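Here are the chains, one letter per residue:
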Amino acid sequence: MNLDDVPDDLSAVLFTEEQITTRIRELAARIDQDYADRNPLMVGILNGAVMIMADLSRALSIHCEMDWMAISSYGSGVSSSGVVRILKDMNTSVVGRHVLIVEDIVDTGLTLAYLIENLKSRNPASIEVCAGFRKPEAQRNEVEVKYLGFDIPSDFVVGYGLDYAGRYRNLRGLGILSPSVYS
Ligand code: 5GP
């Protein structure tokens, strides 16, 4: 789905597919260097990180492994519940592994803060975070995102894996959801 397929649903376009692709390639180049010969275990957070995981992993020149976790977050609303719960755990052991958490967006940072603590307790060799987008609120929880796509305003956004009520994940690009869609 293209941004101009849903012009009335977006109050603004933040990034086109091309802008996101360019940025993902830059992040991949850094990860290639930082993780050369380290066979990173990339842990994608379902469902939103599917797009960034697919693009980032294919932009890498090094080998990597992929696994997935599902964490409770917004449901079908547009504000954080603050409740963090593992709905699906990984299949791979992280003991001694270089773990790279791949997240769609960091809003309050609550999800990431919880995940990092949880995965640390499983004795990985290292843990870092890659996220597509970050909102200003994230600073409150001081979660370090080593590989960040873009800082964005605190509006509710959709596209590039991010949904509203299950829709818009397949939107090529990122936009601010018009309040007329959810009010
Ligand atoms: P946090 O725990 O950082 O507040 O929230 C992280 C999760 O909330 C993200 O993984 C994502 O699923 C959801 N989220 C946060 N902001 C947005 C947004 O603007 N749009 C959508 N669709 N989901 C969001």
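Residues numbered from 1 in each chain as written. Predicted model: local features only at pLDDT ≥ 70, side-chain atom pairs only at ≥ 80, totals over all residues. Heavy atoms only, no water.

Turning our eyes to something else, we now look at the sheet that holds strand β3 (residues 65-71). Pairing between sheet strands relies on hydrogen bonds along the backbone, with the strands arranged either parallel or antiparallel. Here we have six strands laid out as an open sheet, ordered β4-β3-β2-β5-β6-β7, and mixed in their pairing. Only two strands of the sheet have a single neighbouring strand rather than two, namely β4 (86-88) and β7 (147-151). Strand-to-strand twist in this sheet, taken as the mean axis angle between neighbours without regard to direction, amounts to 30 degrees. Taken together, the four bridges between strand β6 (residues 126-134) and β7 define a ladder with parallel strand orientation. Paired with Arg-134 across the strands is Asp-151, a residue of β7. Packed onto the sheet, helix α1 (residues 17-34) meets β5 (98-106), β6 and β7 and runs at close to 155 degrees relative to β7. Of the strands in this sheet, β2 (41-46), β3, β4, β5 and β6 touch helix α3 (residues 110-120), which is tilted by about 165 degrees from β5. (Pairing = 2+ DSSP bridges. Helix = DSSP H or I, 4+ residues; strand = E, 2+ residues; numbered from the N terminus. Axes fitted to C-alpha atoms, helices over the stretch in contact; angles between N-to-C directions. Contact = heavy atoms within 4.5 Å.)

Right, let's talk about the packing of aromatic side chains for a bit. All told, the structure shown has seven aromatic pairs when counted by the stated rule. Between the aromatic rings of Phe-15 and Phe-150, the centroid separation amounts to 3.8 Å while the plane-to-plane angle is 20 degrees, which identifies the pairing as stacked. Taken together, the positions of Phe-15 in strand β1 (residues 10-16) and Phe-150 in strand β7 put the pair 135 residues apart, joining distant regions of the chain. The same class applies to Phe-15 and to Phe-150, which are both buried. Seen from their ring centres, Tyr-164 and Tyr-182 are 6.0 Å apart, and the 50 degrees between their planes marks the pair as tilted. With a gap of 18 residues between them, Tyr-164 in the loop between β8 (157-158) and β9 (173-177) and Tyr-182 in helix α4 (residues 179-182) connect regions that are remote in the sequence. Note on Tyr-164: relative accessible area 16%, which makes it buried. Each member of the aromatic cluster is reached from another via a ring pair, and the members are Phe-15, Phe-133, Phe-150 and Tyr-160. The ring of Tyr-35 carries Arg-38 above its face, with NZ or CZ at 5.0 Å from the centroid. (Phe/Tyr/Trp six-rings, centres within 6.5 Å; stacked < 30°, edge-to-face > 60°. Buried < 20%, exposed > 50% of the residue type's maximum accessible area, 1.4 Å probe, protein only. Lys NZ or Arg CZ within 6 Å of the ring centre and 35° of its normal.)

With that settled, consider the site of the ligand. Around the ligand, the surrounding shell holds 18 residues, and the nearest of these are Thr-108, Thr-111, Lys-135, Val-157 and Asp-163. Contact distances for the ligand include 2.5 Å between an oxygen atom and a side-chain N or O atom of Thr-111. Burial of the ligand by the protein amounts to 93% of the accessible area it has alone, namely 510 Å². Looking at the shell around the ligand, the elements with two or more residues in it are β5 and α3. Take the shell around the ligand: its biggest share by element is four residues, from β5. For the shell around the ligand, the class distribution of residues is seven nonpolar, five polar and six charged. (Near = heavy atom within 4 Å. Polar contact = N/O pair within 3.5 Å; in protein donor to acceptor, adjacent residues only side chain to side chain. Areas by Shrake-Rupley, 256 points an atom, 1.4 Å probe, with all protein chains shown as cover. Nonpolar A, V, L, I, M, F, W, Y, C, P; charged D, E, K, R; others polar.)

Time to look at unusual backbone geometry. Cis geometry is found at the peptide bond from Leu-46 to Asn-47, where omega equals -5 degrees. Mapping Asn-47 onto the fold places it in the loop between β2 and α2 (50-59). Of note, the phi angle at Asn-123 is positive, near 60 degrees, even though the residue is not glycine. Here Asn-123 lies in the loop between α3 and β6. In the Ramachandran plot, Tyr-160 falls in the positive-phi region, its phi being about 45 degrees despite a non-glycine side chain. Secondary-structure assignment places Tyr-160 in the loop between β8 and β9. Owing to a relative accessible area of 10%, Tyr-160 belongs among the buried residues under this scheme.

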